[in-house]
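What the coordinates show
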Amino acid sequence: MKSEAFEGTGHGKLILTGEHSVVYGYPAIALGISAKTTVRLEPISGISRINVSERDERFCTVVETLCPTGFEVSIRSELPLGRGMGSSAAVAVGLARALAKARAIEASAEALFDTAMRAEQIFHSNPSGLDAQVSLQGGVLRFVRGQPPKIEALRSPNWDLIVMDSGCAGDTSVMVDGVAAQRPRIDPLLEQIGQLTERAQRHLHDPTKLGALLNENHKLLCDIGVSNKQLNQMTTTALEAGALGAKLSGAGGGGVVIALTTNADPVLQRIRETHPSAFVCSIWSKEKEPCKSRQ
Ligand code: PMV
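**Focus on the packing of aromatic side chains**
Overall, the coordinates contain zero aromatic pairs when judged by the stated rule. The ring of Tyr-24 has Arg-183 lying over it, and the distance from NZ or CZ to the ring centre is 4.2 Å.

Listed below in structure tokens is the structure:
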């Protein structure tokens, strides 16, 4: 007879403003999205094994560290890898939740965050914790790294985000290390991104001003060297299609561009002429499941 399996889910995220500078203690604004990852733990005897189609060394280390024995681990994910949509944090949170269930622990949000961060530290050497926090609770959040992190839930937006996938994966560790290697020369740029996030929070419900801030944020991300020709071209396409602002979202080097609009249907239609897979993101929040469904 097969023993009971335990499942946990973690949601993806998009960063509105503040990626990279959040690593250095500046605020970032991010939102949870409905796309998610489910981690399944099936009890077995002996050393844990991983049941995935492609072997990922970092994930093997996560399993060896967090649950070295006792489980067959499998993953079902709706999140593409390396696209800035928080796929690794979603795995980390899914695993933390599944382990709590398997060990019959009523884990607090802090305990789940701590477990997820142990996994995130293996996936990326110096994670801010933003992805894991948004994956856990969703909604629209202001996040400041710290011990403990400062988190503020923000009001739901009066605009939509269109997501355009470059189809290319970026490696978060490589991008974060690349930014670190340019310090202290780029510190003023990181500070500017932090200040821009403060303004973005003040103008969160003014789509025209917020759109302009997204454009400014993208330019600063170009200046710290995490954008590329393809991502820049995608932001231009979004603006020409009528978006109020557009930027890369996540670590960069690949991944997605987000485009802000209050008029999603015609803008999406125009963007789809060149990027047929573009979609309007569905914001997910643990408080109100599901918050919105437009995907
Ligand atoms: O691309 P992602 O989903 O791994 O986002 C990383 C966000 C960074 O600010 C670049 C790193 C971090 O740990 O916050």
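**Notes on helix 2 (residues 87–102)**
Counting along an α-helix, one turn takes 3.6 residues, and residues three or four places apart therefore face a common direction. Helix length check: helix 2 (16 residues) gives 22 Å between terminal C-alpha atoms against 22 Å at 1.5 Å per residue, within 8%. Burial analysis of helix 2 places 14 of its 16 residues in the buried class, which makes it a mostly covered element. One or two positions beyond helix 2, positive phi appears at Ala-104, with a value near 55°.

**Some words on the layout of surface pockets**
In this structure, the largest pocket encloses a volume near 1,000 Å³. As for the largest pocket, its lining consists of 49 residues, of which Leu-81, Gly-82, Ser-87, Ser-88 and His-124 are closest to the centre. Secondary structure elements with two or more residues in the lining of the largest pocket: strand 1 (6–17), helix 1 (57–66), strand 4 (69–77), helix 2, helix 3 (109–123), helix 4 (130–137) and helix 5 (172–181). Its residues placed into classes, the lining of the largest pocket shows 17 nonpolar, 21 polar and 11 charged. Of all the elements in the fold, those that place two or more residues in the lining of the second largest pocket are helix 3 and helix 4. Considering every element that reaches the lining of the second largest pocket, the biggest residue donor is helix 3, with five residues.

**Concerning the pattern of salt bridges**
When their charged atoms lie close together, side chains carrying opposite charge are able to pair. Applying the stated rule across the entire model yields 14 salt bridges. The partner of Glu-7 in a salt bridge is Arg-40, and the shortest N-O contact between them spans 3.3 Å. A residue pair is termed long-range when its members are at least 10 positions apart, and Glu-7 in strand 1 and Arg-40 in strand 2 (residues 28–47) qualify at 33 residues. Across the salt bridge formed by Glu-19 and Lys-247, the nearest N and O atoms sit 2.9 Å from each other. Here Lys-247 lies in strand 8 (residues 245–249) and Glu-19 lies in the loop between strand 1 and strand 2, a separation of 228 residues in the sequence. One salt-bridge network, held together by shared partners, links Glu-7, Arg-40, Glu-42 and Arg-76.

**Structural notes on the environment of Gln-233**
Position of Gln-233 relative to the elements: it lies in helix 8 (residues 229–240). By relative accessible area, Gln-233 is classed as partly exposed at 48%.

**Overview of the packing of helix 2 against helix 3**
Direction vectors running N to C along helix 2 and helix 3 enclose 135°, while the axes themselves pass 8 Å from each other. In terms of their interaxial angle, helix 2 and helix 3 are classed as oblique. The hand of the helix 2/helix 3 crossing is right-handed. Between helix 2 and helix 3, the residues in contact are Ser-88, Ala-89, Val-91, Ala-92, Val-93, Ala-96, Arg-97 and Ala-100 and Leu-112, Thr-115, Ala-116, Ala-119, Glu-120 and Phe-123, respectively. Looking at the contact of helix 2 with helix 3 residue by residue, the classes come out as 10 nonpolar, two polar and two charged.

**Some remarks on the pairing of strand 8**
Across the five residues that make up strand 8, a large majority, five, are buried. As defined by bridge partners, strand 8 adjoins strand 9 (residues 256–261) across five bridges and the pair is classed as antiparallel. Pairing of Lys-247 across the sheet is with Ile-258, part of strand 9. In this structure, the hairpin formed by strand 8 and strand 9 is closed by a connection of six residues, where Gly-250 is found at a positive phi of approximately 105°.

**Focus: the sheet that holds strand 9**
Pairing is antiparallel in the open sheet, where four strands are placed in the order 8-9-7-10. At either margin of the open sheet sits one strand with a lone partner, and together these are strand 8 and strand 10 (279–280). Strand direction decides the pairing type here: strand 7 (residues 160–165) and strand 9, joined by six bridges, are antiparallel. If you follow Val-163 over to strand 9, its bridge partner there is Ile-258. Of the strands in this sheet, strand 7, strand 9 and strand 10 touch helix 9 (residues 264–272), which is tilted by about 10° from strand 7.

**With respect to the nonpolar core**
Buried together is how nonpolar side chains tend to be arranged in soluble globular proteins. Counting 54 residues, the largest nonpolar core has Leu-14, Leu-16, Leu-31, Leu-161, Ile-224, Ile-271 and Cys-281 as the members making the most contacts within it. One finds Phe-59, Val-62, Ala-98 and Leu-99 within the second-largest nonpolar core, a separate group that totals 25 residues.

Reading the values: rules and limits
Residues numbered from 1 in each chain as written. Predicted model: local features only at pLDDT ≥ 70, side-chain atom pairs only at ≥ 80, totals over all residues. Heavy atoms only, no water. Phe/Tyr/Trp six-rings, centres within 6.5 Å; stacked < 30°, edge-to-face > 60°. Lys NZ or Arg CZ within 6 Å of the ring centre and 35° of its normal. Helix = DSSP H or I, 4+ residues; strand = E, 2+ residues; numbered from the N terminus. Expected span 1.5 Å × (residues − 1). Buried < 20%, exposed > 50% of the residue type's maximum accessible area, 1.4 Å probe, protein only. 1 Å grid on protein atoms, 1.4 Å probe; cavity = no way out; pocket = protein on both sides within 12 Å on 5 of 7 lines; lining within 4 Å. Points joined across faces, edges and corners; volume = space filled by probe spheres on them. Nonpolar A, V, L, I, M, F, W, Y, C, P; charged D, E, K, R; others polar. Salt bridge = Lys/Arg side-chain N within 4 Å of Asp/Glu carboxyl O. Axes fitted to C-alpha atoms, helices over the stretch in contact; angles between N-to-C directions. Parallel < 35°, antiparallel > 145°, perpendicular 65-115°, else oblique. Left-handed = near helix turned anticlockwise from the far one by under 90°. Contact = heavy atoms within 4.5 Å. Pairing = 2+ DSSP bridges. Core = buried A, V, L, I, M, F, W, Y, C linked by side-chain atoms within 4.5 Å.

On their own, these measurements won't tell you what the molecule is for.
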